[in-house]
Amino acid sequence: MSDFRVPENFLWGGAISANQAEGAYREGGRGISNIDLIPHGSSRMDVKLGKVSDPELQTDAFYPSHEAIDFYHHYKEDLALMGELGLKVFRTSISWSRLFPEGDEAFPNPEGIAFYKDLFKECRRYGMEPLVTLCHFDVPYGLIRKYGSWRSREVIGCFVRYAKTCFRELKGLVKYWLTFNEINIVLHSPFSGAGIAFAEGENRNQVIYQAAHHMLVASALVTKAAHETDPENKVGCMLAGGSFYPYSCNPEDVWESVKKEQENLFFIDVQVRGHYPSYAKKLFREKGICLNMEPEDSDILKNTVDFMSFSYYSSRCVAADMADKMSNEGNVVKSVKNPWLKTSQWGWAIDPLGLRITMNQLYDRYQKPLFIVENGLGARDVLTPEGTVEDDYRIDYLKKHIEAMKLAMEDGVELMGYIVWSCIDLVSASTGEMSKRYGFVYVDRDDEGKGSLKRQKKKSFYWYQDVIRSNGEYL
Ligand code: BG6
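Reading the values: the criteria
- Residues numbered from 1 in each chain as written.
- Predicted model: local features only at pLDDT ≥ 70, side-chain atom pairs only at ≥ 80, totals over all residues.
- Heavy atoms only, no water.
- Helix = DSSP H or I, 4+ residues; strand = E, 2+ residues; numbered from the N terminus.
- Rg over C-alpha atoms; globule rule 2.2 N^0.38 Å.
- Buried < 20%, exposed > 50% of the residue type's maximum accessible area, 1.4 Å probe, protein only.
- Axes fitted to C-alpha atoms, helices over the stretch in contact; angles between N-to-C directions.
- Parallel < 35°, antiparallel > 145°, perpendicular 65-115°, else oblique.
- Contact = heavy atoms within 4.5 Å.
- Nonpolar A, V, L, I, M, F, W, Y, C, P; charged D, E, K, R; others polar.
- Expected span 1.5 Å × (residues − 1).
- Salt bridge = Lys/Arg side-chain N within 4 Å of Asp/Glu carboxyl O.
- Near = heavy atom within 4 Å.
- Polar contact = N/O pair within 3.5 Å; in protein donor to acceptor, adjacent residues only side chain to side chain.
- Areas by Shrake-Rupley, 256 points an atom, 1.4 Å probe, with all protein chains shown as cover.
- Core = buried A, V, L, I, M, F, W, Y, C linked by side-chain atoms within 4.5 Å.
- Pairing = 2+ DSSP bridges.

On a plain count of helices and strands, the protein chain comes out with 15 helices and 12 strands. Taken over C-alpha atoms, the radius of gyration comes to 21 Å for the protein chain, in line with the 23 Å a tight globule of 475 residues would show. Principal-axis analysis of the C-alpha atoms places the extent of the protein chain at approximately 60 × 55 × 50 Å. Sorting the 475 residues of the protein chain into buried and exposed places 62% on the buried side.

Let us now look at unusual backbone geometry. Here the amide bond leading from Trp421 into Ser422 is cis, since omega sits at -5°, within 30 degrees of zero. Along the polypeptide, Ser422 turns up in the loop between β10 (415-421) and β11 (441-443). Backbone geometry places Glu182, a non-glycine residue, at a positive phi of 40°. In this structure, Glu182 sits in the loop between β4 (176-180) and α8 (190-194). Of note in the backbone geometry, Leu453 takes a positive phi value of approximately 70° without being a glycine. With respect to the helices and strands, Leu453 occurs in the loop between β11 and β12 (455-457). Exposure remark for Leu453: the relative accessible area of 15% places this residue in the buried category.

Here we take up the packing of helix α3 (residues 71-85) against helix α15 (residues 459-469). Direction vectors running N to C along α3 and α15 enclose 55°, while the axes themselves pass 9 Å from each other. It follows that α3 is oblique to α15 by the angle criterion. Of the residues in α15, those in contact with Leu81, Glu84 and Leu85 of α3 are Phe461, Tyr464, Gln465 and Ile468. Broken down by class, the residue content of the contact of α3 with α15 amounts to five nonpolar, one polar and one charged.

Here the focus is helix α14 (residues 392-411). An ideal rise of 1.5 Å per residue puts 28 Å on 20 residues; α14 measures up with 28 Å between its terminal C-alpha atoms. Along α14, the positions that sit buried rather than exposed are Arg394, Ile395, Tyr397, Leu398, His401, Ile402, Ala404, Met405, Lys406, Ala408 and Met409. Next to the buried residues of α14 lie β1 (11-15), α13 (352-366), β9 (370-374), β10 and α15. Directly after α14, the chain includes Gly412, whose backbone phi takes a positive value near 120°.

Following the criterion strictly, the structure yields 35 salt bridges and no others. Among the salt bridges present, the one from Glu84 reaches Lys457, with a minimum N-O distance of 2.9 Å. Here Glu84 is found in helix α3, whereas its partner Lys457 is found in strand β12, with 373 residues between them in sequence. The shortest N-O distance in the salt bridge between Arg356 and Asp411 comes to 2.8 Å. Of this pair, Arg356 sits in helix α13 while Asp411 sits in helix α14; the two residues are 55 residues apart in sequence, bridging distant segments of the chain.

Mapped onto the fold, Leu377 is located in the loop between β9 and α14. The exposure class assigned to Leu377 is buried, which follows from its relative accessible area of 8%. Measuring from C-alpha to C-alpha, the distance between Leu377 and Gln345 comes to 9.4 Å, with 32 residues separating the pair along the chain. Leaving out residues up to four positions away in the same chain, Leu377 has contacts with Ser344, Ile350, Tyr393, Arg394, Tyr397, Trp421, Arg437 and Tyr438.

Moving on to the site of the ligand. Of all residues adjacent to the ligand, which total 14 residues, the nearest are Gln20, Glu182, Glu374, Ser430 and Tyr438. One of the backbone nitrogen or oxygen atoms of Ala429 is found 2.8 Å away from an oxygen atom of the ligand. Contact distances for the ligand include 2.5 Å between an oxygen atom and a side-chain N or O atom of Ser430. When isolated, the ligand has an accessible area of 380 Å², and the protein chains bury 94% of it. Across the shell around the ligand, the residue classes tally to six nonpolar, five polar and three charged.

Moving on to the nonpolar core. A general tendency of soluble globular proteins is for nonpolar side chains to be buried together. Within the largest apolar cluster, 158 residues are counted, with the highest numbers of intra-cluster contacts made by Phe90, Trp150, Met405 and Tyr464. Counting residues per element, this core draws most heavily on helix α9 (residues 204-229), at 13 residues. The contacts of Phe90, once residues within four sequence positions are left out, are Gly14, Ile16, Phe71, Leu79, Met82, Leu119, Cys123, Met128, Glu129, Pro130, Leu131 and Cys423.

On to the sheet that holds strand β2 (residues 89-93). If you walk around this closed barrel you meet the eight strands as β1-β2-β3-β4-β5-β7-β9-β10, and the pairing is parallel. Recorded for the sheet is a direction-independent mean angle of 25° between the axes of neighbouring strands. Pairing of strand β3 (residues 129-135) with β4, which is carried by four bridges, proceeds in the parallel orientation. Bridge pairing links Val132 to Trp177 in β4. Against the sheet, helix α10 (residues 251-273) engages β4, β5 (234-240) and β7 (307-311), with an angle of about 170° to β5.

In structure tokens, the structure reads:
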């Protein structure tokens, strides 16, 4: 029996994002964003992946983000529930277009500022430390229309102005920040990840990596600004995590996994180490990329993050020859089916040991404190006549992952906290469904946007409450 104990200051938490929860997409002076243009239904994927060069709002389509779970009007009630749950940290994002409706205004929208000030005050009232993502996938549509989003260097200045506004206005209320949510997702889902849509015949890789370069420069500049505004500020990068396993011990498969791992960690390498990795040149050559960099960029990139955060839902599995293997449907990141693992109802592999592996690998590579800012199970919940959900499957998933996390900490990994995605049901980022539920609190709303929006606690709510109370001893 080990005598390992989770440190007393460990940040147990729950997360949401503005674009999946707030709704009120045209209230309070908010401008529309890329996510508001992604419909539910058959055309969703094409828009998300940037295959629709100039997406526009269609009158006959349903857009889940427009109302989402209406957190904008329910935040007091929802934060009271999170306070009751006992969260030490509450993770959400700020909607960039709520502060800068078009993205490039000289001054922020005061209504937007007032909303977030109150939200974070409310968090503090319940003793919850906010962890704030500056950009959780959403880019103001104005910047997409005028500049093609992050393809243009112009957007760096807009983002820095937005971030500095947040640091200034929220000083004393927020001290933990993430610059971009899952920055590597821009490779797989460019429009939903970064507002990037392609014109016919464009070199996709050139566009994506150039845009990512601008995001990296912006991330470094705002990291510097955060530290200058308040030395208490701690800034992290954020990776869509999960190690890439080789399908077999055939060296060809192992080499494939090394390459995929490099591709996945490429941007984080820059944010943590302050420069492009040694394998960048070859990767650019192979993908036909020629980056435009300004002479000052290499100095700017030296402003590295304080900690490394990541989401973990599952490991990935790759083979040199993917074509003859069953693919893992339902995952944005292409991978093959791992025969050793069961999957969720949405085809995501369930691999708690993979969390321990991922944590060890990331810590070995970066030697910076890690922070698990998303982990959870999307499942079809059924509300009982008593008005709860008997979600033992979710408890089982979380319990096994927390056990694996504790083992990784015992292995020597420095971990700041563990945050469950999501603390309340919200719109799924990949599918736009409400029925892919992650929360401890059930929200009465369906995939077509119908429902009373009533909030009800699930069985897992009480379980996680005990986990937090016992600092991870009771599982
Ligand atoms: C992460 C995102 O990719 O995974 C979240 O940061 C997202 O925004 C979560 O919701 C779960 O994915 P999904 O597609 O099931 O909602």
